[in-house]
Every structure is written in C-alpha cells, then in structure tokens.
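# Structure assessment
Residue strings, one per chain:
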Amino acid sequence: YRRNGNLLFTSAIAPIYPLVVDASILGQGGTITNAVLSGNKIEVLRSIQWTKRTKDATGHAYLGTLGRGGIYKLSTGGNGWNSVARSTQEIAVGAVGFAEMTATENNLNRMFGLNHARPAGDSGYSPIDFAIYLASGSCEVYESGAFKAGLGTYNPQDRFRVAVENVGSNKVVRYYRNGVQLYQSLATPTLPLFVDAAFNFIGATVADSVIWSSAIN
C-alpha cells in the first residue's frame, strides 16, 4: 500500500489472481477520481438496476426485494419457477460486456444470465438465452431452457460471470466462476442483451450483481 509513492504497508496475505479493482462508497457524493490499472483507465462496473414483474403467467402476484448494491431477493409468491427479474441496463448492439453475481447461498435454486427478449407474461427460466443455474450444491449451464453443461459444485460467496466477448470477428458467450472460464457457448448471441434472473425458491438471492459493457443502453 502506497500514498504519494511512499510505501506504507505490506500485506502478509498472498494474493489470488485474477484481481479486479473494487471500491465501496459509504456517503453520498463520495468520489474516486483518476483511477488507473497498470496504466489503463478503469472501466466502471455498474450495479444492476433490477425491475420485476408483478404477476406470473397464471396471474398470481409475487414480490422481490430490491436491495442496495445490485441485490435482488425473492421474498413472496411461493416456490416454483414463477418469479423473474431483469436489469434496466442492456449490453448494446456491437458491444462486449458481462454480468456478474455472488452466490450468497447454495441451497436455493435460481438462474442468472443474459437474455435478448422475454415474452410478455412468461415467468420461467426457459426464455433466458444464456444462464447459469445455481441449484442445491451444483451449478449448470442452461441456454433457452436446455441443459448444456455441468459446472460442478459451488460454495457461498463464489462469483459467477456470463460474458459476451470478441473472438476474431465473432462474438461468443463464456461462463466463469471466480475468474476461471468453465464453458463457452456454441450459440451466437443476439444483442442487445439484458440481465435476466429466474427464481424457484423463496429467499433465493442474486447478490452484488454488476453489469459492464463497452456500450450500455
């Protein structure tokens, strides 16, 4: 740790790579300026602004809790795939980007990913184009409602990312856990993409969710 170039403290904890720049701001008006990473200007991650449907496909009402810091928690409505939420932000056409979340629990089923469109009145997981399924103790990839790959077990506080990236002249979707790529989709994404989440259990949470893109709508 340095201030004005002077060494102030050396940590006794070994770092685990990859590392991202992270910041927490307590007071309104708090500012971090002229931030750089290895000489490059830092792109700011945005907390996901969630919006929710007020009824499922059968007309039953449900309610989620919209928390600070990009948190969405299903609080009422009963168990079953009948509750969804989506971001107000989108990864724009032609852009690259990703959505991330932290798994605060590993025993309540939910899906989180990127989607191009959700039919009106649909409150299930099958419309999500590219989703990570966080089940009881295991995680999987589902795309448009179909199983694609098993990703093994996961633990509370594991961090998941669904990303749209450039590979040559093409765009691909990749899935990450704690910064490690686990799967690359065979499907071509249709942009723009918003963040979409579906919930199967009361209390299921999407926490510390963020979105980043080279161009956000």
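Anyway, here's the lowdown on the structure attached to this text.

Conventions used here
- Residues numbered from 1 in each chain as written.
- Predicted model: local features only at pLDDT ≥ 70, side-chain atom pairs only at ≥ 80, totals over all residues.
- Heavy atoms only, no water.
- Helix = DSSP H or I, 4+ residues; strand = E, 2+ residues; numbered from the N terminus.
- Buried < 20%, exposed > 50% of the residue type's maximum accessible area, 1.4 Å probe, protein only.
- Contact = heavy atoms within 4.5 Å.
- Areas by Shrake-Rupley, 256 points an atom, 1.4 Å probe, with all protein chains shown as cover.
- Salt bridge = Lys/Arg side-chain N within 4 Å of Asp/Glu carboxyl O.
- Pairing = 2+ DSSP bridges.
- Lys, Arg positive; Asp, Glu negative; His and termini not counted.
- Polar contact = N/O pair within 3.5 Å; in protein donor to acceptor, adjacent residues only side chain to side chain.
- Patch = residues over 30% accessible without salt bridge, like charges linked within 9 Å, V, L, I, M, F, W, Y side chains within 5 Å.

## Details of the overall build of the chain
Broken down by element type, the chain carries 0 helices and 19 strands. A total of 217 residues make up the chain; the buried ones form 41% of that total. Long-range contacts, defined here as pairs at least 24 residues apart, represent 64% of the contacts in the chain between residues at least 6 apart. As presented, the chain carries roughly 11900 Å² of accessible surface, and 52% of it is formed by carbon and sulfur atoms.

## A look at the pattern of salt bridges
A full pass over the atoms with the stated rule returns 7 salt bridges. Here E100 and R159 are joined by a salt bridge, their closest N and O atoms 3.1 Å apart. In this pair, E100 is assigned in strand β10 (residues 97–102) and R159 in strand β15 (residues 159–167), connecting sequence segments 59 residues apart. Taking the shortest distance from any N to any O, the salt bridge between R110 and E105 comes out at 3.2 Å. There is no split in this pair, since R110 and E105 are both buried. Look at the salt bridges and you will find they share partners, linking E100, R159 and R161 into a network.

## Some details on unusual backbone geometry
Along the chain, L191 connects to P192 via a cis peptide bond; the corresponding omega equals 5 degrees. Unlike most non-glycine residues, S144 shows phi in positive territory, near 55 degrees. On the basis of relative accessible area, S144 is assigned to the partly exposed category, the value being 47%. With a phi angle near 50 degrees, D208 is a residue other than glycine that sits in the positive phi range. Assignment of secondary structure puts D208 in strand β19 (residues 205–213). Judged by relative accessible area, D208 falls into the partly exposed class, the value being 37%.

## Overview of the environment of D122
For D122, the position within the fold is in the loop between β11 (110–115) and β12 (130–134). Here the alpha-carbon distance between D122 and V84, two residues 38 residues apart in the chain, equals 8.6 Å.

## Quick notes on the pairing of strand β9 (residues 83–91)
Taking burial as the measure, the 9 residues of β9 include 7 buried ones, the bulk of the element. As paired elements, β9 and strand β18 (residues 193–199) share 6 bridges and run antiparallel to each other. When the bridges of β18 are listed, V84 appears paired with A198.

## As for the side chain of E143
Tracing the backbone shows E143 in strand β13 (residues 138–143). Notably, E143 is buried but unbridged: the nearest opposite-charge side chain belongs to K148, and the N-O separation is 5.0 Å. Engagement of the side chain of E143 in a polar contact is seen with the side chain of Y175, the distance being 2.7 Å. Residue contacts for E143: discarding those within four places in its chain leaves I128, D129, F130, K148, Y175, Y183, S185 and A187.

## Points about the pairing of β12
Here β12 lies mainly inside the structure; 5 of its 5 residues are buried. What you see with β12 is no split at all: F130, I132 and L134 on one side and A131 and Y133 on the other are buried throughout. Bridge analysis of β11 against β12 gives 5 bridges, and the strand direction is antiparallel. For M111, the partnering residue across the bridge sits in β12 and is Y133. Relative to β13, β12 runs antiparallel, the two being bridged by 4 bridges. The partner of L134 across the bridge, within β13, is C139. The hairpin formed by β12 and β13 contains 3 residues between the paired strands, and G137 there has a positive phi angle of roughly 85 degrees.

## Looking at a nonpolar patch on the surface
A surface patch of nonpolar side chains, about 380 Å² in accessible area, is lined by Y1, L8 and F9. With respect to the element layout, F9 can be found in the loop between β2 (6–7) and β3 (36–37). According to the relative accessible area criterion, F9 is partly exposed, its value standing at 49%.

Geometry only, nothing functional implied.
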